[in-house]
Amino acid sequence: MGLLGSLGQVAYDIIANDKTGEGSKSSEKNLIAVGAAMTGVGVAAKLMVDDVTRSFLSFDESMTAVKALGVLSEEEFNRAREAALNMSKQFPVSATEVTGAMYNMISVGYDFDTMMKVLPEAIQLAVGGNMDLAEAVNTVINVFGAYGDGVYSAADVTNILAKAVGVGKWELGDFTDEIMKNVGAAATLGIEFDELAAANVLLQNAFMSSEVAGTSLNTMLTRLVDPSVIEKLEKMGVKVKDNEGNFVGLKSVLDQLDVALRGTGGNVEKMSILQEIFGTYGVKAAIALLEEKDSLGELTEEMNDAEYKTQSFNTVLESASSRLEIVNNKTEAAKIAFGEAMAPAMMLVADATGLVADLISALPDPLQSVAGMAIYAAQGFAALGPALMGLA
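Keep in mind that what you see is a predicted model, and the values were worked out from it rather than measured.

J.: What's the story with the overall build of the protein in this structure? I'm lost.
T.: In terms of helices and strands, the protein carries 19 helices and zero strands. Per-residue burial for the protein yields a buried fraction of 40% across its 392 residues. For the protein, the proportion of contacts with a sequence separation of at least 24, taken over those separated by at least 6, is 71%. Surface exposure of the protein reaches about 19,700 Å², of which carbon and sulfur atoms provide 55%.

Shown next, in the form of structure tokens:
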């Protein structure tokens, strides 16, 4: 009979036979046939719409969280939204990963301009070092928080971290775990970030765990601001502060301490003195850095070098997996754009569905059955309207 014939038969059955009730029964059979014919087209449309909707809603939800913070102006929000999509199409990070990093920065008080300077540098660090973007951003803003705004740029911080990983033995995630343990104490003393990174690298041969190494150095540095420790060191001829009361530098303390320890007895006495100064947890870091002190200055000078970060980033970016991920990101961006265009139509469909449900509930029982079959028949095309409106 075909699709149109089945629909015509449904109309005739309802109009001509509805007094006897036979029309309802006959129309149900024809509506089932109509539904079967329409479903083949509708299933594909529904799958497409569901896929597009998932992508759009996930991105929209993450951007709504950013907007809800109430920091960005409408113009800045729109620029941030566009930037998240554009970055996902250039780099192997998803748009929702970018928006998550945006949320992290804005939620702790950073403005739009700072955020937009940090993100590209953090992406390079994350991609080249196989790290989550959110973790890379958090590391950068933790350094900013320790040293204060404007002391280091995002490029400085990420260059130093990448270089430290390049010359050290630990992966980026392990190294950031290490250095985040002692960055606060170092900043308080006035130790520059590149020197701190070099010191953390030099500890790696003496420790099996990055976190233990970081904690040991933190303890050592914390002891250097203890007045009783400063007094002991000064009695040994080791100056921790200059005439203006500022820290003389880690390299200077190590050099002076090495000279002071030469006049003591054997290794046992040296160990005892160092443990008294730096404590049980700090002594191992002190010993390791004393052994490597001649390398500290040279390694510090190598730290702020963008070349390693750029090379590692480009190597990963050119890989097949990264290129495929970028292709997938571009597809996701297209789905998000399509989903945004479909959103008004989807809302209309949802409202209309609620209205139809109310009307069906008010019908007599025989007609409710017919209406149910009609909805079954129509569901195959339910997704086509929003999809076509999205294309328009």
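Once the structure has been displayed, the description carries forward.
J.: Any chance you could explain the packing of aromatic side chains here in plain terms?
T.: Between two aromatic rings, the relevant description is the distance of the centres plus the angle of the planes. The full count for this structure, using the stated rule, is five aromatic pairs. When the centroid spacing of 6.1 Å and the interplanar angle of 75° are considered together, the rings of Tyr 147 and Phe 193 count as edge-to-face. Of this pair, Tyr 147 sits in helix α6 (residues 133-147) while Phe 193 sits in helix α10 (residues 193-202), placing them 46 residues apart in sequence. Between the NZ or CZ atom of Lys 67 and the centre of the ring of Phe 77, over which it lies, the distance is 5.1 Å. Just above the ring of Phe 207 sits the side chain of Lys 284; from NZ or CZ to the centre is 4.8 Å.

J.: Is there a simple way to think about the nonpolar core in this case?
T.: Generally speaking, soluble globular proteins have nonpolar side chains that are buried together. Judged by nonpolar contacts, the single largest core of 96 residues is most densely connected at Phe 193, Leu 196 and Leu 221. Counting residues per element, this core draws most heavily on helix α14 (residues 267-291), at 10 residues. Residues in contact with Phe 193, not counting those within four places in the same chain, are Val 143, Tyr 147, Tyr 152, Val 157, Ile 160, Leu 161, Ile 179 and Val 183.

J.: Explain helix α11 (residues 210-223) to me, please; I cannot follow it from the model alone.
T.: Given 3.6 residues to a turn, an α-helix orients residues that are three or four positions apart in the same direction. Helix length check: α11 (14 residues) gives 20 Å between terminal C-alpha atoms against 20 Å at 1.5 Å per residue, within 8%. Residues of α11 that are buried make contact with α8 (172-180), α9 (183-189), α10, α13 (250-261) and α14. A side-chain oxygen of the first residue of α11 lies 3.3 Å from the backbone nitrogen of Glu 211; this N-cap is Ser 209.

J.: Quick question: what am I supposed to make of unusual backbone geometry here?
T.: Peptide bonds are, in most cases, trans, and in most cases residues other than glycine have a negative phi. One non-glycine residue with positive phi stands out, namely Asn 130, at about 55°. Of note, Asn 130 is situated in the loop between α5 (112-129) and α6.

J.: Teacher, can you tell me more about helix α4 (residues 95-107) here?
T.: Spanning 13 residues, α4 covers 18 Å between terminal C-alpha atoms, matching the ideal 18 Å at 1.5 Å per step. Taken from the residues just after α4, Gly 109 is the one with a positive phi, measuring 105°.

J.: Explanation requested: the pattern of salt bridges in the structure shown.
T.: Pairing between side chains of opposite charge can happen when the charged atoms of each approach one another. This structure, assessed with the given rule, holds 12 salt bridges. We note a salt bridge from Glu 231 to Lys 235, for which the minimum N-O separation is 3.7 Å. Here the residue Glu 231 and the residue Lys 235 both occupy positions in helix α12 (residues 227-235), the gap between them amounting to four residues, near one helical turn. Given a relative accessible area of 45%, Glu 231 falls into the partly exposed group. Among the residues examined, Lys 235 registers a relative accessible area of 69% and is labelled exposed. Asp 255 serves as the salt-bridge partner of Lys 251, at 2.9 Å between the closest nitrogen and oxygen. Of the two residues, Lys 251 and Asp 255 are both situated in helix α13; the distance of four residues between them amounts to about one turn of the helix. Taking the relative accessible area as the measure of exposure, Lys 251 reaches 24% and is therefore partly exposed.

J.: Explain a negative patch on the surface here, please?
T.: Together, Glu 97, Asp 132, Glu 135, Glu 171, Asp 174, Asp 177, Glu 211 and Glu 325 make up a region of like negative charge exposed at the surface. Tracing the chain through its elements places Glu 97 in helix α4. In this structure Glu 97 comes out as partly exposed when scored by relative accessible area, which is 30%.

J.: I would appreciate a short explanation of the packing of helix α7 (residues 154-167) against helix α15 (residues 293-303) in the present structure.
T.: Angle between the axes and distance between the axes: these two values describe a pair of packed helices. Between α7 and α15, whose axes approach to 9 Å, the crossing angle comes to 125°. It follows from the interaxial angle that α7 and α15 lie oblique. Along its contact with α7, which presents Asn 159, Ile 160, Lys 163, Ala 164 and Val 167, the element α15 presents Leu 299, Glu 302 and Met 303.

J.: How should I be thinking about the side chain of Thr 99 in this particular structure?
T.: With respect to the helices, strands and loops of the structure, Thr 99 is situated in helix α4. Take Thr 99: its relative accessible area is 1%, and that puts it in the buried class. Reaching out from Thr 99, the side chain makes a polar contact with the backbone oxygen of Thr 96 at a distance of 2.9 Å. Contact partners of Thr 99, with chain neighbours within four places excluded, come to Phe 59, Ser 62, Met 63, Val 66 and Ala 84.

J.: Is there a simple way to explain the environment of Leu 125 in this structure?
T.: Considering the arrangement of structural elements, one finds Leu 125 in helix α5. Taking relative accessible area as the criterion, Leu 125 reaches 3% and is therefore assigned buried. With residues up to four places along the chain from it excluded, the contact list for Leu 125 reads Ala 136, Thr 158, Leu 161, Ala 162 and Leu 172.

J.: Where do I start with the side chain of Thr 158 in this structure?
T.: Structurally, the position occupied by Thr 158 is in helix α7. Within polar-contact distance, the side chain of Thr 158 engages the side chain of Lys 309 at 2.8 Å. In this structure Thr 158 touches Glu 121, Ala 122, Leu 125, Val 140 and Lys 309, once residues within four positions along its chain are discounted.

J.: Looking at this model, I keep getting lost on the environment of Thr 139. Mind explaining?
T.: Among the secondary structure elements, Thr 139 is positioned in helix α6. We classify Thr 139 as buried; its relative accessible area is 5%. Through-space distance from the C-alpha of Thr 139 to that of Ala 122 is 9.0 Å; in sequence the pair is 17 residues apart. Residues in contact with Thr 139, not counting those within four places in the same chain, are Leu 161, Thr 176 and Met 180.

About the cut-offs
- Residues numbered from 1 in each chain as written.
- Predicted model: local features only at pLDDT ≥ 70, side-chain atom pairs only at ≥ 80, totals over all residues.
- Heavy atoms only, no water.
- Helix = DSSP H or I, 4+ residues; strand = E, 2+ residues; numbered from the N terminus.
- Buried < 20%, exposed > 50% of the residue type's maximum accessible area, 1.4 Å probe, protein only.
- Contact = heavy atoms within 4.5 Å.
- Areas by Shrake-Rupley, 256 points an atom, 1.4 Å probe, with all protein chains shown as cover.
- Phe/Tyr/Trp six-rings, centres within 6.5 Å; stacked < 30°, edge-to-face > 60°.
- Lys NZ or Arg CZ within 6 Å of the ring centre and 35° of its normal.
- Core = buried A, V, L, I, M, F, W, Y, C linked by side-chain atoms within 4.5 Å.
- Expected span 1.5 Å × (residues − 1).
- Polar contact = N/O pair within 3.5 Å; in protein donor to acceptor, adjacent residues only side chain to side chain.
- Salt bridge = Lys/Arg side-chain N within 4 Å of Asp/Glu carboxyl O.
- Patch = residues over 30% accessible without salt bridge, like charges linked within 9 Å, V, L, I, M, F, W, Y side chains within 5 Å.
- Lys, Arg positive; Asp, Glu negative; His and termini not counted.
- Charge placed at Lys NZ, Arg CZ, Asp CG, Glu CD.
- Axes fitted to C-alpha atoms, helices over the stretch in contact; angles between N-to-C directions.
- Parallel < 35°, antiparallel > 145°, perpendicular 65-115°, else oblique.

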